[in-house]
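If you want the building blocks of each chain, they are given just below.
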Amino acid sequence: MAIFSPLLSLIGLSRSLLCYVFILTAIHGTSSLQQKITAPDGACMTQDAPNHHSQQYPHLVSGNLNGTTLIVPISLQAARRLIPKEYGIAEAAYRDLLPSFPKGMYPMMAQIVHDHDIQLPIYNASITDFSRASLEFPFVDIFGNGRSSFRWASTFLISSNNELAIQGAQGYGVTVHPSTFHPPCDAYAALKNGATYAHSQAAPDSANPNQSSKFMSITSKPSPNRVPYPLEFIKAVTNQPVFADTQLCDYFVRIYDTPLSSAATPVIADVSVDLDPFRGPRSWHGVYGWRVSTPFLEPMMPEVCARKE
């Protein structure tokens, strides 16, 4: 959109996944009616819970995030090849939280999540729900002090019908593959055997017709008797500041101490992907994590990545 060009120069290439959306709404003006970018005709209805916390935080973007978040152990050597070489890996930080994590391994994160009822009360604004899938790399030490853990996330699959979410992610340096999701309006679908399933498939790249389309699939089932990663570990991972490069960070916060997360379920899962930074399809079987829904808060504008003293 043409309106993003002058805006970019003013805010220095904002990295917030959603802030463009709400700034755009504000520029076009607000009224006594909520400014809402509506879903396309025939859009399905979600089963996610509504956003009940937006008025408590009127200056922040808020919503509910539901989905499956998994910890996929990969070798430290593989993590070192995948994570840009200028960033360190804070191994001591994740071992402090999880001393039992296997020696010589690194906790990569895989997730498919659904952003629902996204609001910014100060501008009386909201946007359409969307889904996203990613492989992300927590406990990245961008300052070399061994104490400041950040999460590197360079590539997303995002719902192709939400152009503003796509442009917002691209604006802070992320590679986005516009994608279709199944289910289209929820974080996962129930299967007859009691498992849940979510799949994201990118549209074919017309510029590279021989290149396979990017995708992610997660099939999970409850694992009440084996929980190698406590929910507190997932909380620590998902609340690390997110970056695609180190100029600015997205200080996205998930809130776990509300009734919304009381139904959090430990799961065992299979993951299949073809997604950067890997080259070609990969599969992991019998990995663990959680299905959980939480409120979230996000600053409207990005912030300078700050070291922890």
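What counts as what
Residues numbered from 1 in each chain as written. Predicted model: local features only at pLDDT ≥ 70, side-chain atom pairs only at ≥ 80, totals over all residues. Heavy atoms only, no water. Helix = DSSP H or I, 4+ residues; strand = E, 2+ residues; numbered from the N terminus. Buried < 20%, exposed > 50% of the residue type's maximum accessible area, 1.4 Å probe, protein only. Contact = heavy atoms within 4.5 Å. Areas by Shrake-Rupley, 256 points an atom, 1.4 Å probe, with all protein chains shown as cover. Polar contact = N/O pair within 3.5 Å; in protein donor to acceptor, adjacent residues only side chain to side chain. Disulfide = S-S within 2.5 Å. Phe/Tyr/Trp six-rings, centres within 6.5 Å; stacked < 30°, edge-to-face > 60°. Arc of directions from axis to C-beta. Pairing = 2+ DSSP bridges. Core = buried A, V, L, I, M, F, W, Y, C linked by side-chain atoms within 4.5 Å.

Peer 1: Mind laying out the overall build of the protein chain, listing which residues take part and the relevant values?
Peer 2: Helix and strand content of the protein chain: six helices and 16 strands. Expressed as a percentage of its 309 residues, the buried residues of the protein chain come to 54%. Sequence-distant contacts, at least 24 apart, represent 70% of the contacts inside the protein chain between residues at least 6 apart. Counting only carbon and sulfur atoms, one obtains 55% of the accessible surface of the protein chain, whose full area is about 13,800 Å².

Peer 1: Account for the side chain of Gln119, with residues named and values stated.
Peer 2: Residue position: Gln119 is located in strand β4 (residues 105–120). Given the relative accessible area of 12%, Gln119 is considered buried. A polar atom in the side chain of Gln119 sits 3.1 Å from the side chain of Ser54.

Peer 1: Describe the state of the cysteines, with residues and values.
Peer 2: Under the definition given, this model contains one disulfide. Disulfide pairing is shown between Cys249 and Cys305; the S-S distance is 2.0 Å. Because the torsion about its S-S bond is 100°, the bridge between Cys249 and Cys305 counts as right-handed. With Cys249 in the loop between β13 (242–243) and β14 (253–254) and Cys305 in the segment after β16 (282–299), this pair connects stretches of sequence that are 56 residues apart. Just as Cys249 is buried, Cys305 falls in that class too.

Peer 1: Could you give me a rundown of the packing of aromatic side chains, with the residues and numbers involved?
Peer 2: Within this structure, the stated rule accounts for 13 aromatic pairs. Judged by centre distance (5.2 Å) and plane angle (85°), the rings of Tyr87 and Phe243 are edge-to-face. Of this pair, Tyr87 sits in the loop between α3 (76–82) and β3 (88–89) while Phe243 sits in strand β13, and the two are 156 residues apart along the sequence. Taken as a pair, Tyr87 and Phe243 share a single burial class, namely buried. Ring geometry for Phe101 against Tyr229: centres 6.2 Å apart, planes inclined by 45°, an arrangement best described as tilted. Of this pair, Phe101 sits in the loop between α4 (91–97) and β4 while Tyr229 sits in the loop between β12 (215–222) and α6 (231–238); the two residues are 128 residues apart in sequence, bridging distant segments of the chain. For the residue pair Phe101 and Tyr229, the accessibility class agrees, reading buried in each case. Ring-pair connections join several aromatic residues into one group, and the members of that group are Tyr94, Phe101, Tyr106, Phe137, Phe139, Trp152, Tyr229 and Phe233.

Peer 1: Let's hear about α6: which residues, and what values?
Peer 2: Listed as buried for α6 are Phe233, Ile234, Val237 and Thr238. One side of α6 holds all its buried residues, which, seen down the axis, span an arc of 125°.

Peer 1: A description of the environment of Arg279 should follow, citing residues and the corresponding values.
Peer 2: With respect to the element layout, Arg279 can be found in the loop between β15 (265–274) and β16. At 2.8 Å, the side chain of Arg279 and the side chain of Asp276 are in polar contact.

Peer 1: Go over the pairing of β4 with me, naming the residues and quoting the values.
Peer 2: It is a general feature of regular strands that their side chains alternate between the two faces of the sheet. The element β4 is extensively covered by neighbouring structure, given that 14 of its 16 residues are classed as buried. Relative to β4, strand β2 (residues 60–75) runs antiparallel, the two being bridged by 13 bridges. In the sheet register, Pro73 faces β4, and the bridge partner there is Pro107. Inspection of the sheet shows β4 paired to strand β6 (residues 130–141) by seven bridges, in the antiparallel sense. Within β6, the residue paired with Ala110 across the bridge is Leu135. Strand direction decides the pairing type here: β4 and strand β5 (residues 125–127), joined by three bridges, are antiparallel. Each bridged residue has a counterpart across the sheet, and for Ile118 the counterpart in β5 is Ile127.

Peer 1: Go over the nonpolar core, please, and point to the residues and values.
Peer 2: Ile74, Tyr106, Met108, Phe137, Val140, Met216 and Trp284 are the most contacted members of the largest nonpolar core, which totals 53 residues. Setting aside chain neighbours within four positions, we find Met216 in contact with Gln111, Ile112, Ala133, Ser134, Leu135, Leu157, Ala198, His199, Ser200, Ser272, Val273 and Leu275. One finds Ile127, Phe156, Ile166 and Phe296 within the second-largest nonpolar core, a separate group that totals 21 residues.

Peer 1: How would you summarise helix α5 (residues 163–171) if you had to cite specific residues and measurements?
Peer 2: The buried count for α5 comes to seven of nine residues, which makes it a mostly enclosed element. For α5, the complete set of buried residues consists of Leu164, Ala165, Ile166, Gln167, Gly168, Ala169 and Gly171. Immediately downstream of α5, the backbone of Gly173 shows phi near 95°, a positive value.

Peer 1: I'd like a rundown of the side chain of His116, residues and numbers included.
Peer 2: By secondary structure assignment, the location of His116 is in strand β4. Accessibility expressed as a relative area gives 11% for His116, which makes it buried. A distance of 2.5 Å separates the side chain of His116 from the side chain of Asp129, its partner in a polar contact.

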